[in-house]
Amino acid sequence: PYAAGAGLNAYPLNFVTVQTQKGANSTAHICGEGVPFYSTLADVAKDDIPTFTMHHMAAMLKVNITNLNSFPVSVRNVDFWNWIGDGSRNAALSGAFNADLTAGQPSLTKVSGESHVRLNVEDGVQIEAGKSAAFYLATAPCTIPSGAGLTLYINDHYNYEGGINKTITLEESLPLEAGKA
């Protein structure tokens, strides 16, 4: 994305909190707005055509959902939250950041952030009994500290009676690295 007047040492980026996936196993939505890419280019002769290798600035979460029921299950959304104590140490998974693009690997500074990301599944995805489907969420790269709780919600928030959730407490820190799933 182009930001008029922005310097390469504090380039504004936004990692979106709410994303939309079309169908099962699709990654098309992690290649657009709110999922920034970068590339570096150096020492190109003036007559050469430059070639850019693009790299994700976002980390990727791949959630595999297997239907263990004897009937089909529809997946409408997937939420991923991290939390610790009073929330002051939560890792920012989405929000506004400034990127320092002056070195080979960009570094990010949080401006404002959210401790969760949400994936809406367009038209829902029907998973047949015994089958699986993959869902992908892009996050800001970060390290979720040990002792943090991670909660994954399927089919709406904790207040939805038809949804399911799973919470774990991290025994070790969890790095979410740019460009890796």
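In what follows, the structure referred to is the one given above.
Residues numbered from 1 in each chain as written. Predicted model: local features only at pLDDT ≥ 70, side-chain atom pairs only at ≥ 80, totals over all residues. Heavy atoms only, no water.

Participant: When you look at unusual backbone geometry in this model, what are you seeing that I'm missing?
Facilitator: Generally, phi is negative for residues other than glycine and the peptide bonds are trans, each holding for most cases. Unusually for a residue other than glycine, Asn25 sits at a positive phi of about 65°. In this structure, Asn25 sits in the loop between β2 (18-22) and β3 (37-38). Accessibility expressed as a relative area gives 47% for Asn25, which makes it partly exposed. In this structure, Asp123 takes a positive phi of about 60° despite not being glycine. Considering the arrangement of structural elements, one finds Asp123 in strand β9 (residues 116-127). For Asp123, a relative accessible area of 77% corresponds to the exposed category. (Helix = DSSP H or I, 4+ residues; strand = E, 2+ residues; numbered from the N terminus. Buried < 20%, exposed > 50% of the residue type's maximum accessible area, 1.4 Å probe, protein only.)

Participant: Please explain the sheet that holds strand β12 (residues 149-154) as it appears in this structure.
Facilitator: Strand pairing in a sheet relies on backbone hydrogen bonds. The paired strands run either parallel or antiparallel. An order of β2-β9-β6-β12-β13 is seen for the five strands of this open sheet, with the pairing classed as mixed. Single-partner strands in this sheet number two, and they are β2 and β13 (164-169). Sheet twist, expressed as the average angle between the axes of neighbouring strands with direction ignored, equals 15°. Sheet analysis places β12 next to β13, joined by six bridges and oriented antiparallel. Paired with Tyr153 across the bridge in β13 is Asn165. (Pairing = 2+ DSSP bridges. Axes fitted to C-alpha atoms, helices over the stretch in contact; angles between N-to-C directions.)

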